[in-house]
Amino acid sequence: MQYKNSEEYSKEKEFFSLHKAKDIVSYFKTTSGNQLKRFKELDGSNKITELRNLKNSLNLPGFREKQKMKPFTFKDTDEYRKFDEYKSLKKDHEIKAF
């Protein structure tokens, strides 16, 4: 019996083809890397919840109307402070990584 015709050869060949498969390599890089750990830590955190709440409040029609007001009056409103806080949270490096 030759090695090329053996079951071991076919299993070895399958192993090497799976070893090079991009989706499998990507999976193991993701599960062993820091990005997944950081994502899980941020998922559901106060920062993310606050960002989502601010984003929802900025999408309300009342906010858009006040934003169209003259800039000096808009800057004196609570909505502007929320908008400013939203912009600063979007720039946060942890949230960008999320």
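Keep in mind that this is a model prediction, so the values were computed, not measured. Per chain, residue numbering runs from 1 following the sequence as it is written. Only residues with pLDDT of at least 70 get local features here, since the model is predicted, and only at 80 or more are side-chain atom pairs given and counted; chain-wide, interface and lining totals rely on the full set of residues. Side-chain metrics rest on all non-hydrogen atoms present in the structure, leaving aside hydrogens and water.

Draft legend 1. Here's a closer look at the packing of aromatic side chains. When two rings of Phe, Tyr or Trp (its six-membered ring) have centres within 6.5 Å they constitute a pair, described as stacked for plane angles under 30 degrees, edge-to-face for angles over 60, and tilted for the intermediate range. All told, the structure shown has two aromatic pairs when counted by the stated rule. Aromatic side chains Phe15 and Phe16 sit 5.4 Å apart centroid to centroid with 65° between the ring planes, which places their arrangement in the edge-to-face category. Measuring from ring centre to ring centre gives 5.1 Å for Tyr27 and Phe28, while their planes differ by 75°; the resulting arrangement is edge-to-face.

Draft legend 2. Main features of the nonpolar core. Ranked by size, the top nonpolar core spans ten residues in total: Leu42, Ile48, Leu51, Leu54, Leu58, Phe63, Phe83, Tyr86, Leu89 and Ile95. Helix and strand assignments come from DSSP, with helices taken as H or I runs of at least 4 residues and strands as E runs of at least 2, each series counted from the N terminus. Where this core is concerned, the elements lending two or more residues are helix H4 (46-58) and helix H7 (78-91). With four residues, the top contributor of residues to this core is H4. If we ignore the near neighbours within four places in the chain, the residues touching Leu58 are Phe63, Arg64, Glu79, Lys82, Phe83 and Tyr86. Working definition of a nonpolar core: buried Ala, Val, Leu, Ile, Met, Phe, Trp, Tyr and Cys residues. They are joined through side-chain atoms within 4.5 Å. Note on classification: 1.4 Å probe, protein chains only; a residue is buried when its accessible area is under 20% of the maximum for its type, exposed when over 50%, partly exposed between these limits. Residue contacts are counted whenever heavy atoms from the two residues lie within 4.5 Å of one another.

In short, the description is geometric, and any link to function would need to be established separately.
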